[in-house]
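Descriptive analysis of the structure
Chain by chain, the residues run as shown.
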Amino acid sequence: MKIIQLIVVFCFLLQAPAFSQVATNGDYRSAATGNWGTLATWEVRAAGVWAAAAALPTATSNVYIQQGHTVTVNIAAAVCQDLQVNFTSGVLSIGANTLSVNGK
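Residues numbered from 1 in each chain as written. Predicted model: local features only at pLDDT ≥ 70, side-chain atom pairs only at ≥ 80, totals over all residues. Heavy atoms only, no water.

**Digging into the sheet that holds strand E1 (residues 28-30)**
The line we're drawing: Strands are treated as partners if at least two bridges between them are detected by DSSP. Helix and strand labels come from DSSP, where a helix needs a run of H or I of at least four residues and a strand needs a run of E of at least two; each type is numbered from the N terminus. To define axes, lines are fitted to C-alpha atoms, for helices over the stretch in contact only, and angles between the resulting N-to-C directions are given on a 0 to 180 degree scale.
Overall, mixed pairing links the 5 strands, which are arranged E4-E3-E1-E5-E8 in an open sheet. In this open sheet, the two strands that pair with only one neighbour each are strand E4 (49-52) and strand E8 (83-85). Averaged over all adjacent pairs, the angle separating strand axes in this sheet is 25°, with direction ignored. As judged from the 2 bridges shared by E1 and strand E5 (residues 63-65), these two strands associate in the parallel manner. Within E5, the residue paired with Arg-29 across the bridge is Tyr-64.

**Thoughts on the nonpolar core**
Spelled out, the test is: Put simply, buried Ala, Val, Leu, Ile, Met, Phe, Trp, Tyr and Cys residues joined by side-chain atoms within 4.5 Å make one nonpolar core. Partly exposed residues are those whose accessible area sits between 20% and 50% of the maximum for their type, while under 20% is buried and over 50% is exposed, using a 1.4 Å probe and protein chains only. Any two residues having at least one pair of non-hydrogen atoms within 4.5 Å are treated as being in contact.
Membership of the largest hydrophobic core is limited to 12 residues, which are Tyr-28, Trp-36, Trp-42, Val-44, Ala-53, Val-63, Ile-65, Val-71, Val-73, Ala-78, Cys-80 and Leu-99. Every element with two or more residues in this core is listed here: strand E3 (42-46), E5 and strand E7 (77-80). Beyond its immediate chain neighbours, meaning those up to four positions away, Cys-80 contacts Trp-36, Thr-58, Ala-59, Ser-61, Val-63, Leu-99, Ser-100, Val-101 and Asn-102.

This is how it looks when you write it as structure tokens:
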């Protein structure tokens, strides 16, 4: 029975990377705890590396909230395509504002 359990766990672990997205150019990630509407909160993927954002995420941007960061939606109508929040300690605080997620 223990062998079967080990095999099931091993097979699950092999599939785990398939559940996460791979960052591509144009994606955003939190650079620090801060407000959605503040550029210093964000980094954008460009030419395969993360750099300081020059614009806020748009309706076509994939957004990642990193571990240990809290991003507060401080604008009336924030948008993004896909949203991922780190499951161990990433936080998205919305309050009375709206975040429209166009994807998943």
